[in-house]
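# A look at the structure
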Amino acid sequence: MNFDPTDEQRRWLDLARDFAQSDIRPRAAQLDREQRFPYEIIAEMARLGLMGLTLPQEYGGSGGDFVAYNLALEEISRADTSVGITMEAHISLGCAPLAAYGTPEQKDSFLRRCATGARLWAFGLTEEEAGTDAGGTQTTAELEGGEWVINGSKKWITNSGTDVTAGVTVIARTGTREDGRPELTALIVPQEMPGYTRGPGYEKLGWRASDQRPLYFEDCRVPEENLLGERGAGLRQFLRTLDGGRVAVAALSVGLAQACFDEALARARERHQFGKAIGEFQAIQFKLADMAMEIELARNLVLKAAWLKDQGRPFSREASMAKVFASEAAKRAADQAVQIHGGEGFMEGSAVARYWRQVKINEIGEGTSEINRQIIAHSLLAESAEAAKAKMVAQ
Ligand SMILES: Cc1cc2nc3c(=O)[nH]c(=O)nc-3n(C[C@H](O)[C@H](O)[C@H](O)COP(=O)(O)OP(=O)(O)OC[C@H]3O[C@@H](n4cnc5c(N)ncnc54)[C@H](O)[C@@H]3O)c2cc1C
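Below you will find a few notes about this structure. (Residues numbered from 1 in each chain as written. Predicted model: local features only at pLDDT ≥ 70, side-chain atom pairs only at ≥ 80, totals over all residues. Heavy atoms only, no water.)

### Remarks on the side chain of Q237
Here is the rule: Secondary structure counts use DSSP, requiring at least four H or I residues in a row for a helix and at least two E residues in a row for a strand, with both numbered from the N terminus. Burial status follows relative accessibility: with a 1.4 Å probe on protein chains alone, a residue under 20% of its type maximum counts as buried, one over 50% as exposed, and anything between as partly exposed. Throughout, a contact is declared for two residues whenever any of their heavy atoms are within 4.5 Å.
Its place among the elements puts Q237 in helix α7 (residues 234-270). Taking the relative accessible area as the measure of exposure, Q237 reaches 6% and is therefore buried. Q237 has contacts with Y101, A186, L228, G229 and E230, leaving out every residue within four places of it along the chain.

### What to know about helix α4 (residues 66-79)
In plain terms, the rule: Expected helix span is given by 1.5 Å per residue-to-residue step, counting one fewer step than there are residues. Pairing of N or O atoms within 3.5 Å defines a polar contact, subject to two protein rules: one partner must be a possible hydrogen donor and the other a possible acceptor, and residues neighboring in sequence count only if both atoms are side-chain atoms.
With 14 residues, α4 extends 20 Å from end C-alpha to end C-alpha; this agrees with the ideal 20 Å at 1.5 Å per step. For α4, a buried count of 14 out of 14 residues is recorded, marking the element as mostly surrounded by other parts of the structure. Near the N-terminus of α4, the side chain that reaches the backbone nitrogen of V67, with its oxygen 3.2 Å away, is that of D65.

### Focus: the pattern of salt bridges
Should their charged atoms come close, side chains of opposite charge can pair. Let me state the cut-off plainly: For this document, the term salt bridge refers to a Lys or Arg side-chain nitrogen within 4 Å of an Asp or Glu carboxyl oxygen.
Per the stated rule, a full pass over the model turns up 26 salt bridges. With a closest N to O distance of 3.2 Å, E144 and R221 form a salt bridge. Of the two residues, E144 is situated in strand β2 (residues 140-144) and R221 in strand β7 (residues 212-223); the sequence distance between them amounts to 77 residues. Judged by its relative accessible area of 34%, R221 is partly exposed. Where R213 meets D211, a salt bridge forms, and the shortest distance between an N and an O atom there is 2.8 Å. The exposure class of D211 is buried, given its relative accessible area of 7%.

### Describing unusual backbone geometry
With glycine set apart, most residues show a phi of negative sign, and most peptide bonds adopt trans. The phi torsion at N159 lies on the positive side, around 65°, for a residue other than glycine. Here N159 shows up in the loop between β3 (147-158) and β4 (165-176). Classification of N159 as buried rests on a relative accessible area of 0%. Even without a glycine there, the phi angle at D219 is positive, about 50°. Take D219: it is sitting in strand β7.

### What about helix α5 (residues 81-101)?
Quick reminder of the rule: The seven residues ending at a residue and the seven starting there each receive a fitted axis; the angle between those axes is the bend at that residue.
Over its 21 residues, α5 runs 28 Å from end to end, which matches the ideal 30 Å to within 8%, given 1.5 Å per residue. At C95, α5 shows its maximal kink, close to 45°; a proline, P97, follows between one and four residues later. Most of α5 is tucked away: 17 of the 21 residues are buried. Its side-chain oxygen at 3.3 Å from the backbone nitrogen of S82, D80 defines the N-terminal cap of α5.

### Comments concerning the site of the ligand
Let me state the cut-off plainly: For each residue, the test is whether any non-hydrogen atom lies within 4 Å of the molecule or strand; if one does, the residue is near. Using a 1.4 Å probe, accessible areas were evaluated by the Shrake-Rupley method; residue-level cover was limited to the displayed protein chains. Gly is put with the polar residues, along with every residue not named as nonpolar or charged; the nonpolar set is Ala, Val, Leu, Ile, Met, Phe, Trp, Tyr, Cys and Pro, and the charged set is Asp, Glu, Lys and Arg.
The immediate surroundings of the ligand are formed by 17 residues, with T126, T132, T368, E370 and Q374 found nearest. In the environment of the ligand, a nitrogen atom lies 2.8 Å from a nitrogen or oxygen atom belonging to the backbone of W156. Coverage of the ligand by the protein amounts to 66% of the 970 Å² it exposes when considered alone. Breaking the shell around the ligand down by element, the ones donating at least two residues are β1 (120-124), β3 and α11 (369-381). Broken down by element, the residue count for the shell around the ligand peaks at 3 residues, all from β3. When its residues are assigned to classes, the shell around the ligand shows 7 nonpolar, 8 polar and 2 charged.

Below, the structure is given as structure tokens:
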């Protein structure tokens with residue numbers, strides 16, 4: 001077993017850390033306050049290859065592995081999770097399905113525009129009646145004269161309405177199966193299609209400098225060949241896409257937890273009470289020790305899940321484990337970081353107050369903790385205890 005990153009993984013990690021610390025972290029508070037999409041930062045990340053880190057080189061991506069991507073994403077998110085989610089949603093949710101299921105023609109037309117990150121691509125699954133129950137999709141698409149006619153709406157779709165967004169892949173009902181369940185299909189919708197509009201961005205508790213919008217489809221027509229993957233396989237494709245997304249949101253959570261720890265450690269050294277640094281009190285030391293322990297555990301879970309994906313092995317259970325543990329560890333880290341700051345941590349201008357606001361979404365986006373616990377439990381119940389343990393230990 002080797003816990004050292006490869007030279008290539010180290011290169012991506014260092015590149016992301018240097019850029020994040022010099023160009024993102026100093027601007028994070030202002031971006032959050034102004035709720036402004038960070039166009040210049042995303043453009044520079046595209047130039048550095050970070051916005052296409054895992055995407056195929058033949059279409060303009062960087063061709064890096066999934067471990068490298070998660071190492072880099074942790075560093076970006078340590079500086080700012082709004083930038084982190086923009087990178088994550090573009091690569092894992094927007095572009096990964098185009099790369100995995102697209103025909104060569106679709107990749108040429110759509111992935112090539114976005115694989116560097118100069119243009120962004122979005123992933124539209126969630127609707128008013130289809131949140132955790134993603135199969136509850138009400139948006140419809142009917143084939144008429146060689147075109148799909150899409151009607152319906154989506155909500156909270158990340159990267160869907162920026163000035164550099166090139167399009168979205170949406171899930172729509174394209175019929176009913178023999179067993180009465182809806183047939184769900186993924187369709188590629190370029191940004192400029194008539195009948196496709198976006199609403200205004202949302203006011204949010206966190207990820208405030210990232211872009212989320214409602215999407216509206218009114219007799220929006222796209223060519224028949226914009227069907228992504230197989231007809232009727234849309235939900236299966238999207239759920240598989242979310243497995244990768246969950247590892248990445250876990251990496252984002254680790255980055256935020258690390259940022260909380262960075263601030264807490266500095267404060268423990270600097271703040272004096274009763275004539276000594278508060279870091280000399282055992283109560284504060286134990287908080288720091290618990291934070292460091294949980295961050296280490298969460299990071300190891302992320303990297304194991306990412307490594308399994310790189311090996312082409314099953315990683316769905318580990319993805320859910322990483323997502324649940326890292327998001328909840330980050331929440332505990334944010335809480336303790338504020339506690340270590342005392343009243344100063346309650347002031348809007350302090351970084352830990354911002355982190356405390358931002359951390360909650362990690363337990364919700366890309367599958368709530370509840371649904372991820374169900375995925376873990378179902379996978380355990382589906383096999384013998386010995387098989388489950390062997391898989392966990394040796395995989
Ligand atoms: C900022 C932001 C960005 C997002 N970006 C995107 C995006 O780019 N693309 C996209 O498609 N979606 C996106 N989403 C949607 C996100 O994935 C959903 O919010 C998430 O899947 C949960 O759905 P919901 O919010 O409707 O919660 P609900 O499904 O309404 O769940 C409410 C509560 O009920 C629980 N619950 C629901 N069903 C069960 C069950 N069977 N068993 C136990 N508990 C259950 C949930 O765990 C939760 O605690 C985004 C959301 C936000 C807030």
